[in-house]
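# Structural overview for review
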Amino acid sequence: MERSTELRKVKRSLWGELNYRLNWIIFGTIGAILLCFIPVLGWFLALGMAFAILYKTFGFRETFLEGSCPACTKLLPVDPKTDVFACPVCHSCIAVREDSLVIIKID
Ligand SMILES: [Zn+2]
């Protein structure tokens, strides 16, 4: 028997998005300034950091995948690059399909 749950695409809430971008600006700027103290290599890294901050601050809202564990219904973040993972709560083996999570029975 195959049990599966729907896989959903979600975005951060407006408040979460604001917090995320503020964190990038504040900690990214601190990081870039600290990198500037390292001669040459640090300057390049700081430049890369500055671009990362701009991209993260003004870029598109990122989309995440999430789904409920088919066994225990715990809501889990899903990495689209993984094929199979174990639920951290009930340790069931879960396969990631195109648009669903499917429980794998091991026996
Ligand atoms: Zn589970």
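Up top is the structure these notes are about.
Report on the accompanying structure.

Here we come to the coordination of the zinc ion. Within the protein, the atoms that donate to the zinc ion are Cys-69 (SG), Cys-72 (SG), Cys-87 (SG) and Cys-90 (SG), at distances of 2.2 to 2.3 Å. Angles of 106 to 111 degrees at the metal separate the four donor atoms of the zinc ion, which places the site in the tetrahedral class. All donors to the zinc ion come from one chain, and their sequence spacing reads C-x2-C-x14-C-x2-C. Relative accessible area serves as the criterion here: at 26%, Cys-72 is assigned to the partly exposed category.

For the structure shown, the criterion picks out zero aromatic pairs. The ring of Tyr-20 is capped by Arg-12, whose NZ or CZ atom sits 3.6 Å from the centre of that ring.

Okay, the nonpolar core next. By size, the foremost hydrophobic cluster in this structure holds 10 residues: Leu-7, Leu-65, Cys-69, Leu-76, Val-78, Phe-85, Cys-87, Ile-94, Val-96 and Leu-101. Counting residues per element, the ones that place at least two in this core are β3 (75-78) and β5 (93-96). Beyond its immediate sequence surroundings of up to four residues, Leu-101 is in contact with Arg-3, Ser-4, Thr-5, Leu-7, Gly-67, Ser-68, Pro-70, Val-78, Phe-85, Ile-94, Ala-95 and Val-96.

With that settled, consider the packing of helix α1 (residues 14-35) against helix α2 (residues 41-58). At their nearest, the axes of α1 and α2 sit 9 Å apart, and the two run at 170 degrees to each other. Between α1 and α2, the interaxial angle falls into the category roughly antiparallel. For the pair formed by α1 and α2, the contact residues are Tyr-20, Arg-21, Trp-24, Ile-25, Gly-28, Thr-29, Gly-31, Ala-32 and Leu-35 on the first element and Gly-42, Trp-43, Leu-45, Ala-46, Met-49, Ala-52, Ile-53, Lys-56, Thr-57 and Phe-58 on the second. Taken together, the residues of the contact of α1 with α2 sort by class into 12 nonpolar, five polar and two charged.

Rules used throughout
Within each chain, residues carry numbers counting from 1 in the order of the written sequence. Selection of residues for local features in this predicted model requires a pLDDT of at least 70, selection of side-chain atom pairs for listing and counting requires 80 or more, and totals for whole chains, interfaces and linings are taken over all residues. The side-chain numbers reported here are obtained from all heavy atoms of the structure, hydrogens and water having been left aside. Only nitrogen, oxygen and sulfur atoms within 2.8 Å of the metal, or 3.2 Å for Na, K and Ca, are treated as donors, and water is left out, so sites may look incomplete. Under this scheme a four-donor centre is tetrahedral when all angles range from 85 to 135 degrees, a four-donor centre is square planar and a six-donor centre octahedral when opposite donors are above 155 degrees with the rest from 65 to 115, and any other centre is irregular. Burial here depends on accessible area, computed with a 1.4 Å probe over protein chains only, as a share of the maximum for the residue type. Under 20% is buried, over 50% is exposed, and the range in between is partly exposed. Working definition: a ring pair exists when centres of Phe, Tyr or Trp rings (six-membered ring for Trp) sit within 6.5 Å. Plane angles under 30 degrees give stacked, over 60 give edge-to-face, the rest tilted. Either the NZ atom of lysine or the CZ atom of arginine qualifies as a charge over a ring when it sits within 6 Å of the ring centre and within 35 degrees of the ring normal. Residues belong to a common nonpolar core when they are buried Ala, Val, Leu, Ile, Met, Phe, Trp, Tyr or Cys residues joined through side-chain atoms within 4.5 Å. Each helix corresponds to a stretch of at least 4 residues labelled H or I by DSSP, and each strand to a stretch of at least 2 residues labelled E; elements are numbered beginning at the N terminus. Two residues form a contact once any of their heavy atoms are found within 4.5 Å. Lines fitted to the C-alpha atoms define the axes, with helices restricted to the stretch that makes contact. Angles between their N-to-C directions range from 0 to 180 degrees. Put simply, angles under 35 degrees are roughly parallel, angles over 145 are roughly antiparallel, angles from 65 to 115 are roughly perpendicular, and the rest are oblique. Gly is placed with the polar residues, together with every amino acid not listed as nonpolar (Ala, Val, Leu, Ile, Met, Phe, Trp, Tyr, Cys and Pro) or charged (Asp, Glu, Lys and Arg).

So far we have only geometry, and geometry alone does not tell us how the molecule works.
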